[in-house]
Amino acid sequence: MISPKEVLHIAKLARIELTDAELVKFQKELAGVLDYFEILQEVEVSPVAPMTHAVPLENVYRLDECKAKVDGMASRLLEMAPETKDGYLKVKPIL
Amino acid sequence: MDELTIRQLHEKLKNKEFSAEEIVESSFKNIEQKDANLNAFITPTRELALAQAKEIDEKIARAEQIPLLAGVPCAVKDSILVDGVRCTAGSKILENYIAPYDATVAQKLRKEGVLFVGKTNLDEFNMGASTENSAFGVTKNPYDETRVAGGSSGGSAASVAANEALVALGADTGGSIRLPAAFCGVVGLKPTYGTVSRHGLIAMASSLDQIGPIAKTAEDAEAVFEAICGRDALDATSLAYQYESLSDFDVKNLRVGVAKEFFGEGLMPQIAEFVKAAIHKLEQAGATVQEISLPHAKYALAAYYIINTSEVSANLARFDGIRYGKSASRGQNLLDIYLQSRGEYLGAEVKRRIMLGTYALSAGYYDAYYLKAQKVRTLLQHDFAAAFTDVDVIMGPPSPFLPFKIGERTEDPLTMYLVDLYTVPVNLVGLPALSLPVGYAQGLPVGLQIIGKPLQENLLFAVAKDLEKLV
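All of these numbers come straight from a predicted model, not from anything done at the bench. (Residues numbered from 1 in each chain as written. Chains lettered and ligands numbered in written order. Predicted model: local features only at pLDDT ≥ 70, side-chain atom pairs only at ≥ 80, totals over all residues.)

**Q** Before we go on, may I ask you to explain the overall build of chain B in this structure?
**A** Summing up its helical and strand segments, chain B has 15 helices and 13 strands in all. The C-alpha atoms of chain B give 21 Å as radius of gyration, which agrees with the globular expectation for 471 residues (23 Å, within 12%). Within the span of chain B, comprising 471 residues, buried residues form 61% of the whole. (Helix = DSSP H or I, 4+ residues; strand = E, 2+ residues; numbered from the N terminus. Rg over C-alpha atoms; globule rule 2.2 N^0.38 Å. Buried ≥ 20, exposed ≤ 12 C-beta atoms within 10 Å, placed from the backbone.)

**Q** I'm lost on the packing of helix α7 (residues 218–228) of chain B against helix α15 (residues 457–470) of chain B in this one. Help?
**A** Helix-helix packing is characterised by the crossing angle of the two axes and by the distance between the axes. All names here are of chain B. Taken N-terminus to C-terminus, the directions of α7 and α15 make an angle of 160°; their axes are 9 Å apart at the nearest point. The pairing of α7 with α15 is recorded here as roughly antiparallel in orientation. Judged by the twist between their axes, the crossing of α7 over α15 is left-handed. Here Ala218, Glu219, Glu222 and Phe225 of α7 come into contact with α15, specifically with Glu457, Phe461, Ala464, Lys465 and Glu468. (Axes fitted to C-alpha atoms, helices over the stretch in contact; angles between N-to-C directions. Parallel < 35°, antiparallel > 145°, perpendicular 65-115°, else oblique. Left-handed = near helix turned anticlockwise from the far one by under 90°. Contact = placed C-beta atoms within 7 Å.)

**Q** Got a minute to help me understand the pairing of strand β2 (residues 73–77) of chain B in this structure?
**A** One face of the sheet, then the other: side chains in a regular strand alternate in exactly this way. All names here are of chain B. Within β2, five of the five residues are buried, which leaves the element mostly enclosed by the surrounding structure. The sheet contact formed by β2 and strand β3 (residues 115–120) spans five bridges and is parallel. Its bridge partner lying in β3, Cys74 is registered against Phe116. For the crossover that starts at β2, traverses helix α4 (residues 104–112) and ends in the parallel β3, the hand is right-handed. Where β2 meets strand β6 (residues 167–172), three bridges bridge the pair, whose relative direction is parallel. Residue Ala75 lies in a different strand from β6, and its bridge partner there is Ala168. (Pairing = 2+ DSSP bridges. Right-handed = clockwise from strand over helix to strand, strands pointing away.)

**Q** I'm lost on the confidence of the model for chain B in this one. Help?
**A** When pLDDT drops low, the exact placement of atoms in the prediction is not to be read closely. Looking at chain B as a whole, its pLDDT mean stands at 97, while 100% of the residues score no less than 70. Interface confidence for the predicted complex, expressed as ipTM, amounts to 0.95; the pTM equals 0.97. (pLDDT = per-residue confidence, 0-100.)

**Q** When you look at helix α3 (residues 46–61) of chain B in this model, what are you seeing that I'm missing?
**A** Every α-helix carries 3.6 residues per turn, so stepping three or four residues along brings you back to the same face. Residues and elements named next belong to chain B. Its 16 residues place the ends of α3 22 Å apart at the C-alpha level, agreeing with the 22 Å of an ideal helix rising 1.5 Å per residue. Packed against the buried residues of α3 are α2 (20–38), β2 and β3. Within two residues after α3, Ala63 carries a phi angle of roughly 60°, on the positive side. (Expected span 1.5 Å × (residues − 1).)

**Q** Any chance you could explain the environment of Gly84 of chain B here in plain terms?
**A** Residues and elements named next belong to chain B. With respect to the secondary-structure elements, Gly84 resides in the loop between β2 and α4. Judged by local crowding, Gly84 falls into the partly exposed class, with 14 C-beta atoms found within 10 Å. Gly84 sits 13 residues away from Tyr97 along the chain, and the two C-alpha atoms are 9.6 Å apart. Residues in contact with Gly84, not counting those within four places in the same chain, are Ile98 and Ala99.

Printed below as a string of structure tokens:
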């Protein structure tokens with residue numbers, strides 16, 4: 001069964017801060033779902049290739065060219081960011 | 001006006017029996033009366049609909065031709081972008097997000113002259129089967145307000161059932177169109193993967209997500225599907241596809257497969273009864289019916305939730321408190337911002353799925369979970385291909401359950417996942433499937449799921465139109 005320590009590790013990888021109550025709840029719930037996934041152990045899959053897409057599509061290419069810009073799009077996108085400065089996204093220090 | 005089909009509305013609008021503006025007022029009369037209870041809409045867009053109506057009315061006044069969908073009130077699931085309108089995806093983290101552009105489907109419908117009446121409620125980021133995971137409250141079932149409308153496109157299905165909109169757009173990753181359609185007694189189509197552009201749909205699981213129509217009749221759903229499908233340069237997985245209605249369909253040539261795996265333990269007997277009765281009516285009308293088997297269907301749900309959560313963990317990495325949406329302000333460094341923004345503003349089911357997917361993709365577990373699930377997907381594809389050599393369509397119930405009580409399945413996530421038992425196989429393989437209302441058990445709608453071969457939406461609609469006359 002997945003341990004609380006493992007859940008904390010996964011949460012950190014997923015960049016989600018958990019409260020103590022959430023940790024208890026999620027450990028139980030994740031364990032239940034992972035337990036359900038065990039049903040796949042019954043299936044013999046060695047003869048088949050994994051399916052990567054529902055519809056067989058070859059690589060789709062397009063020319064790397066500049067399309068007409070939508071006026072004001074850059075500023076509309078920036079307006080949706082929590083913090084900006086001089087037309088850039090602003091982030092906190094990484095260290 | 002509530003009783004009209006698209007075609008009837010079109011004729012009456014052209015003949016000036018009413019104006020497009022009056023259509024908007026009629027929709028909003030219902031929204032004002034009903035939506036305080038139903039909660040189908042997160043953001044009604046009356047001003048937008050009125051502005052669109054004005055354009056249509058001016059065209060009619062100038063005696064210009066109008067497209068079939070002009071003046072049709074349309075609700076849009078709130079994970080699909082409509083330019084200039086708030087788009088929350090049912091999440092606190094996007095509570096104040098304004099869509100900076102149209103999704104391709106929204107742009108196509110806008111060109112057809114539909115009237116966008118509002119953005120509808122959904123499980124947060126499409127994750128759920130009841131809309132109970134919405135940060136904006138549950139959508140209630142129009143047939144019984146103590147019960148759920150289904151999910152995740154619950155608001156879209158409820159809005160159509162309650163005549164708040166004539167048609168709606170939903171998105172279906174594992175049943176999110178077909179299930180609420182069945183629960184609300186309306187028609188819903190999950191198209192073949194790739195027939196409808198996903199550009200501008202807030203992604204949950206990209207290899208499974210597909211936008212589709214919800215409507216009161218198969219003919220109306222068909223009209224919306226025809227308008228939204230086709231190749232889009234902005235979605236590399238979209239297919240060069242043009243819809244053509246079947247003109248020579250004869251039910252006598254139809255071979256129906258009934259998958260025994262869809263009638264297993266756990267299926268409510270009342271649902272089995274109605275679904276079998278509908279299939280029997282087709283048989284009486286001349287169709288041949290035979291039992292088929294999908295031996296790997298019982299593994300579909302586990303494979304689905306591994307693939308879904310894996311793709312979720314990647315897709316939802318973009319909600320980081322930096323680029324858009326809400327940001328926790330307490331953090332001193334970048335990592336704190338990530339951890340706290342996601343910890344604070346994402347809901348429980350979203351966190352659960354991100355963590356499950358992170359686990360399934362993490363070092364040492366990839367082969368056991370993700371790779372295995374992708375191989376099960378191939379086996380399921382073989383099952384369907386084998387079945388489709390003998391039959392044209394496969395039928396069964398969309399869900400083992402009737403609309404359930406609000407709160408009945410929220411305690412344990414697995415009990416909610418089981419609601420998707422019969423809908424997820426189709427998404428794993430990319431097939432089209434339609435849910436059609438076929439009766440009422442204890443006053444609650446019962447649906448029938450019709451699954452087709454890839455790109456045979458036209459056959460699904462033809463069968464559905466015949467069935468509407470039979471049941």
